[in-house]
Amino acid sequence: MLSKLGAYLLIGLLWLLHFLPLGILAAFGRGLGALLWVLAGRRRRIALRNLELCFPEKDAAERERLAREHFGWMGRSLLERGLIWFASPARLRRILHVKGDITLSERGSVMWYLPHFVGLEWVGPAIMLNQKAPGVDIYQSQSNPVFDKYLLIGRQRFGKTAFVDRSEGFRPVMRLIKQGYSFLNAPDQDFGIKDSAFVPFFGVSACTLLAPSKVARSMKMPVQPLVVTMLPGGQGYEVEACEPPAGYPSDDPLADAHTMNAWLEDRIRRNPAQYLWVHRRFKTRPQGEPSVY
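Just so it is clear, the structure is predicted and the values come from calculations on it, not from any experiment.

(A) Structural view of the overall build of the protein chain. When its secondary structure is counted, the protein chain shows 11 helices and nine strands. Taken over C-alpha atoms, the radius of gyration comes to 19 Å for the protein chain, in line with the 19 Å a tight globule of 293 residues would show. By its C-alpha atoms, the protein chain is 50 × 45 × 35 Å across when sized along the principal axes. Sorting the 293 residues of the protein chain into buried and exposed places 52% on the buried side. Looking at the protein chain alone, contacts between residues at least 24 apart form 77% of all its contacts between residues at least 6 apart.

See the structure below:
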């Protein structure tokens, strides 16, 4: 773990790099990804294992090429975060390309479903630069207080966004939704068995939250997935405001979890290298089943 001084030095580097043209910054990011592939052995092994589980039809060489490409996008996402923190609104507008209607919250509270693609952090600027309605996000505090500070600064630069620490539970979020806030929800990770069920994801049982459809139905909120695609070189970022899966949410949270996992599978298959494979998505296993990692 970096010291506070080391974190400040790294943030200073991100500040300097954000002045570069995006194409040059992207090249540095791909280089960082290649370095991380060598140095981050644990994350490399997790990514390769996830790809083995999710794409058994691919051979080992294909999966390694996919994982290496994924690390390149991750390296870019890390270095280009300085743009979110420091670039002017005018520059961000030039490199953000919004596809679809991202202004639904101007007409009432919305649940934004945010899959963990590597460009996920760009959802915040895309939303807040295009509307005035407030949003609430569940926030996992970072172990390094300097990174924690700047991550929040970056996410709060534009518009009105409230952050609820995950340790506080969901009640503060519900209160804010009732006050007209929209909910930025990124539930496609393994948060443990509480309020979850095992639902197939790429044919593998994955611990999947049931709360999203319950909350959306009880609060009468439309659900809008937002998918971020990092574009090659200096082309910028596409944030697509998608239509929710048909019939979602329903009165059956388990069926809804199946529906959303199937929808997400389809989106990932369109651009598999940009999904966050370094997360242990299959960490929690059904009782009696051994770890897959």
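(B) Layout of the pairing of strand E7 (residues 204-209). Bridge analysis of strand E6 (residues 196-201) against E7 gives six bridges, and the strand direction is antiparallel. If you follow Pro200 over to E7, its bridge partner there is Ser205.

(C) Region of the structure containing the sheet that holds strand E9 (residues 237-241). Pairing in this open sheet of seven strands is mixed, and the strands run E1-E9-E8-E2-E5-E3-E4 from one edge to the other. At either end of the open sheet lies a strand with only one pairing partner, and these are strand E1 (96-99) and strand E4 (161-165). With direction set aside, neighbouring strand axes in the sheet form an average angle of 25°. Inspection of the sheet shows strand E3 (residues 135-139) paired to strand E5 (residues 182-185) by three bridges, in the parallel sense. Across the sheet, Asp137 pairs through a bridge with Leu184, a residue of E5. Lying over the sheet, helix H11 (residues 253-270) contacts strand E2 (111-113), strand E8 (223-230) and E9, oriented at roughly 20° with respect to E8.

(D) Geometry of the pattern of salt bridges. One pass over the full model with this rule turns up 10 salt bridges. Of the charged contacts, one joins Glu52 and Arg49 as a salt bridge, the two residues approaching to 3.1 Å between their closest N and O atoms. Of the two residues, Glu52 and Arg49 both sit in helix H3 (residues 41-54), three residues apart, roughly one turn of that helix. Given the relative accessible area of 26%, Arg49 is considered partly exposed. We note a salt bridge from Asp101 to Arg107, for which the minimum N-O separation is 3.0 Å.

About the criteria used
Residues numbered from 1 in each chain as written. Predicted model: local features only at pLDDT ≥ 70, side-chain atom pairs only at ≥ 80, totals over all residues. Heavy atoms only, no water. Helix = DSSP H or I, 4+ residues; strand = E, 2+ residues; numbered from the N terminus. Rg over C-alpha atoms; globule rule 2.2 N^0.38 Å. Buried < 20%, exposed > 50% of the residue type's maximum accessible area, 1.4 Å probe, protein only. Contact = heavy atoms within 4.5 Å. Pairing = 2+ DSSP bridges. Axes fitted to C-alpha atoms, helices over the stretch in contact; angles between N-to-C directions. Salt bridge = Lys/Arg side-chain N within 4 Å of Asp/Glu carboxyl O.

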